[in-house]
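# A structural walkthrough
Now for the letters of each chain:
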Amino acid sequence: MSESFLNIVLIGFMGCGKSSLGKVLAKEIGFDFIDSDLEIAKSENMAIADIFKTKGEDYFRQLEKNFILNAKNLNHYIIATGGGMPIYADIREMGFSIFLDSSFEVISHRLRSDHNRPLFDTQAHERFITRHPIYTKNADLIIPANGTIKETLKLILEKIK
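Owing to the predicted nature of the structure, the values given are computational and were not obtained by experimental measurement. (Residues numbered from 1 in each chain as written. Predicted model: local features only at pLDDT ≥ 70, side-chain atom pairs only at ≥ 80, totals over all residues. Heavy atoms only, no water.)

### With respect to the overall build of the protein chain
For the protein chain, the helix and strand inventory stands at 8 helices and 5 strands. Going from N to C terminus, the protein chain has its helices and strands arranged as β-α-β-α-α-α-β-α-β-α-α-β-α. Radius of gyration (C-alpha) of the protein chain: 15 Å, near the 15 Å computed for a compact globule of 161 residues. Seen along its three principal axes, the alpha-carbon backbone of the protein chain occupies a region of about 40 × 35 × 25 Å. Considering the protein chain as a whole, with its 161 residues, one finds that 45% of them fall into the buried category. Sequence-distant contacts, at least 24 apart, represent 72% of the contacts inside the protein chain between residues at least 6 apart. Of the accessible surface of the protein chain, which amounts to about 8500 Å², a share of 51% is contributed by carbon and sulfur atoms. (Helix = DSSP H or I, 4+ residues; strand = E, 2+ residues; numbered from the N terminus. Rg over C-alpha atoms; globule rule 2.2 N^0.38 Å. Buried < 20%, exposed > 50% of the residue type's maximum accessible area, 1.4 Å probe, protein only. Contact = heavy atoms within 4.5 Å. Areas by Shrake-Rupley, 256 points an atom, 1.4 Å probe, with all protein chains shown as cover.)

Structure, rendered in structure tokens:
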């Protein structure tokens, strides 16, 4: 693993595998793992969906910006971001960013039974289309992520080793 990567930041639309893959990648390369949504939920003592419902999206986006301020001081972490974080805040301060690029069809299939996604609704496809070029612009590396975690991990390791 190159020492030039202080942190690796995983970005992409909800359901692309940032959290699941992040845990495996961290173990594989000897980094620690942190999930921004889990950290925010823990700090607020409520689920992300409840933060959206009770305090609103603007409040949540400010919590994400606060997370970035703290995370940019981390070292040797895999950071799984929330799907909107790179849209509303500058994630580049946290480290080397990898866009896990999944198709909307794959994401829809993965999230079919997950009812805890506050922004996966009737406008999710439109949001997906709008966000895609922003993810691409903010990525240091783009990895196709339609396959299994093992397949995507292999692609990442080939590029960063």
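### As for the pattern of salt bridges
Counting across every chain of the model gives 8 salt bridges. Across the pair R61 and E57 runs a salt bridge, and its minimum N-O distance is 3.0 Å. Of this pair, R61 and E57 are both found in helix α4 (residues 57-71), 4 residues apart, which corresponds to roughly one turn of the helix. (Salt bridge = Lys/Arg side-chain N within 4 Å of Asp/Glu carboxyl O.)

### Thoughts on the packing of helix α3 (residues 48-55) against α4
What describes two packed helices is the angle between their axes and the distance between those same axes. One way to put it is that α3 packs onto α4 with a least axis distance of 7 Å and a crossing angle of 130°. Looking at the two axes, α3 sits oblique to α4. Taken together, the residues of α4 that come into contact with α3 (itself represented by I48, I51, F52 and K55) are E57, Y59, F60, R61 and L63. The class makeup of the residues in the contact of α3 with α4 is 6 nonpolar, no polar and 3 charged. (Axes fitted to C-alpha atoms, helices over the stretch in contact; angles between N-to-C directions. Parallel < 35°, antiparallel > 145°, perpendicular 65-115°, else oblique. Nonpolar A, V, L, I, M, F, W, Y, C, P; charged D, E, K, R; others polar.)

### Regarding the packing of aromatic side chains
Applying the stated criterion across every chain, the model contains 4 aromatic pairs. Consider the rings of F52 and F60, whose centres lie 4.9 Å apart with planes at 40°: the pair is tilted. When sorted by exposure, F52 lands in the same class as F60, which is buried. A centroid spacing of 5.2 Å and a plane angle of 40° characterise the contact between F99 and Y135, whose relative ring orientation is tilted. With F99 in strand β4 (residues 96-101) and Y135 in helix α7 (residues 124-138), this residue pair connects regions lying 36 residues apart in the sequence. For the pair F99 and Y135, one class covers both residues: buried. Members of the aromatic cluster, connected to one another through ring pairs, are F13, F104 and F128. (Phe/Tyr/Trp six-rings, centres within 6.5 Å; stacked < 30°, edge-to-face > 60°.)

### Focus: helix α2 (residues 36-44)
Burial in α2 covers these residues: S36, I40, A41 and E44. Down the axis of α2, the buried set is contained in an arc of 130°. They therefore lie on one face. Of the residues in α2, the exposed ones pointing more than 90 degrees away from the buried face are L38 and K42. Those residues of α2 that are buried lie in contact with β2 (32-35), α3, α4, β3 (77-80) and α5 (85-88). In this structure D35 caps α2, since a side-chain oxygen of it lies 2.9 Å from the backbone nitrogen of D37. Phi turns positive, to about 55°, at N45, one or two residues after α2. (Arc of directions from axis to C-beta. Polar contact = N/O pair within 3.5 Å; in protein donor to acceptor, adjacent residues only side chain to side chain.)

### Re the nonpolar core
Membership of the largest hydrophobic core comes to 46 residues, with the highest contact counts inside it found for L25, M94, I98 and L100. In terms of residue count, the dominant contributor to this core is α4 (5 residues). Apart from residues no more than four positions distant in its own chain, L100 is found in contact with L10, I11, G12, C16, G17, K18, L21, I143, A145, T152 and I156. (Core = buried A, V, L, I, M, F, W, Y, C linked by side-chain atoms within 4.5 Å.)

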